[in-house]
Amino acid sequence: MSSSPPETETYEVTLSRDEQWVVHHVLSNRLDEALDADETPPEWVLEGVETLETDGDTDRLTAPQADRIYDVVAAYVDQEETPDRDVAPGSSVLDRLERVRNAEA
């Protein structure tokens, strides 16, 4: 007897255009870094970019995607060389991801 696979928890996240740009920028940089190193980009990066590039006001992220995006955006926001124009929307992304995760918990 086989059981059905466990469903992956997902979160609906609505990001502003500036917030989407910051996340897309960070994920694109991760993609470029992997390609420059002749490595296969992580699947979650490709899926994240695809999610952001689909039309719609709401992005659906899996829990692992949300966690990884949170981590890479947090690292980006904390870098000294991050442009000031990206810090506020990046911080908003972090707040939004925290709220969505806490609301679902």
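Our subject is the structure that appears above.
Rules used throughout
- Counting restarts for each chain: residues are numbered from 1 in the order of the written sequence.
- Local features in a predicted model are, by the rule used here, given only for residues with pLDDT of at least 70; side-chain atom pairs are given and counted only at 80 or more, and totals for whole chains, interfaces and linings are based on all residues.
- In computing side-chain values, all of the structure's heavy atoms are included and hydrogens and water are not.
- Strands here are runs of E lasting at least two residues and helices are runs of H or I lasting at least four, both read from the DSSP assignment and numbered beginning at the N terminus.
- Any pair of residues with heavy atoms lying within 4.5 Å of one another is described as a contacting pair.
- All accessible areas in this document rest on Shrake-Rupley with a 1.4 Å probe, and a residue is counted as covered only by the protein chains that are shown.
- When a residue's accessible area, from a 1.4 Å probe over protein chains only, is under 20% of the maximum for its type it is buried; when over 50% it is exposed; and in between it is partly exposed.
- At least two DSSP bridges between two strands are needed for those strands to be called paired.
- Salt bridge, as applied in this entry: a Lys or Arg side-chain nitrogen positioned within 4 Å of an Asp or Glu carboxyl oxygen.
- Each nonpolar core is a collection of buried residues, namely Ala, Val, Leu, Ile, Met, Phe, Trp, Tyr and Cys, held together in the definition by side-chain atoms within 4.5 Å.
- Two joining distances apply to patches: 9 Å for like charges and 5 Å for nonpolar side chains (Val, Leu, Ile, Met, Phe, Trp, Tyr), and every residue must have over 30% relative accessible area and no salt bridge.
- Within this scheme the basic residues Lys and Arg register as positive and the acidic residues Asp and Glu register as negative, but His and the chain ends are omitted.
- Note on charges: their place is set at NZ of Lys, CZ of Arg, CG of Asp or CD of Glu.
- Only protein atoms enter the calculation, which uses a 1 Å grid: trapped sets of points that fit a 1.4 Å probe without letting it out are cavities, open sets showing protein on both sides within 12 Å along at least five of seven lines are pockets, and any residue with an atom within 4 Å of a point is a lining residue.
- Grid points are joined across faces, edges and corners, and a volume is the space filled by probe spheres set on the points.
- Only Asp, Glu, Lys and Arg are considered charged, only Ala, Val, Leu, Ile, Met, Phe, Trp, Tyr, Cys and Pro nonpolar, and every remaining residue, Gly among them, polar.

Student: Can you walk me through the overall build of the protein chain in this structure?
Tutor: A tally of regular secondary structure across the protein chain gives four helices and two strands. Along the protein chain, helices (α) and strands (β) appear in the sequence β-α-α-β-α-α when read from the amino end. Pairs at least 24 residues apart make up 70% of the contacts formed inside the protein chain by residues separated by at least 6 positions. Total accessible area on the protein chain is roughly 7,000 Å²; 44% of this is exposed by carbon and sulfur atoms.

Student: It is not clear to me how the pairing of strand β2 (residues 59-62) should be interpreted in this structure. Could you clarify?
Tutor: Two faces belong to every sheet, and in a regular strand the side chains alternate between them. The side-chain alternation of β2 yields one buried face, formed by Asp 59 and Leu 61, and one unburied face, formed by Arg 60 and Thr 62. Two strands pair when backbone bridges link them, and strand β1 (residues 10-13) and β2 are joined in this way by four bridges, in the antiparallel orientation. By the bridge assignment, Val 13 is partnered in β2 with Asp 59.

Student: What is the right way to look at the pattern of salt bridges in this model?
Tutor: Pairs can form between side chains of opposite charge once their charged atoms are near each other. Evaluation of the coordinates by the stated rule reveals four salt bridges. Residues Glu 19 and Arg 96 are paired through a salt bridge, measuring 2.9 Å at the closest nitrogen-oxygen approach. With Glu 19 in helix α1 (residues 17-36) and Arg 96 in helix α4 (residues 84-104), this residue pair connects regions lying 77 residues apart in the sequence. Under the relative-accessibility criterion, Glu 19 is labelled buried at 4%. The exposure class assigned to Arg 96 is partly exposed, which follows from its relative accessible area of 24%.

Student: Before we go on, may I ask you to explain the environment of Glu 50 in this structure?
Tutor: Within the secondary structure, Glu 50 is located in helix α2 (residues 43-53). Spatially, the C-alpha atoms of Glu 50 and His 24 are 9.5 Å apart, while their sequence positions differ by 26 residues.

Student: Please explain the nonpolar core as it appears in this structure.
Tutor: Side chains of nonpolar character tend, in soluble globular proteins, to be buried together. Ranked by internal contacts, the top residues of the largest apolar core, which has 25 residues, are Val 13, Val 23, Leu 27, Ile 69, Val 73 and Leu 97. Those elements giving two or more residues to this core turn out to be β1, α1, α2, α3 (63-78) and α4. Not counting residues within four places of it along the chain, the set of residues in contact with Val 13 comprises Thr 58, Asp 59, Leu 61, Arg 96, Leu 97 and Val 100.

Student: Hey, could you run me through a negative patch on the surface in this one?
Tutor: There is a patch of like negative charges on the surface, built from Asp 32, Glu 33, Asp 36, Asp 38 and Glu 39. Residue position: Glu 39 is located in the loop between α1 and α2. Using a relative accessible area of 49% as the deciding quantity, one classes Glu 39 as partly exposed.

Student: Quick question: what am I supposed to make of empty space enclosed by the protein here?
Tutor: Any empty space left between atoms is shown by rolling a water-sized probe over those atoms. This model, assessed by the stated rule, comprises one cavity of 30 Å³ or more. In this structure, the largest cavity spans a volume of roughly 50 Å³. Taken together, Leu 15, Val 23, Gly 48, Thr 51, Leu 52, Asp 59, Leu 61 and Ile 69 make up the full set of residues lining the largest cavity. Elements supplying a minimum of two residues to the lining of the largest cavity: α2 and β2. Sort the elements by how many residues they give to the lining of the largest cavity and α2 lands first, with three residues. A breakdown of the residues in the lining of the largest cavity according to their chemical character gives five nonpolar, two polar and one charged.

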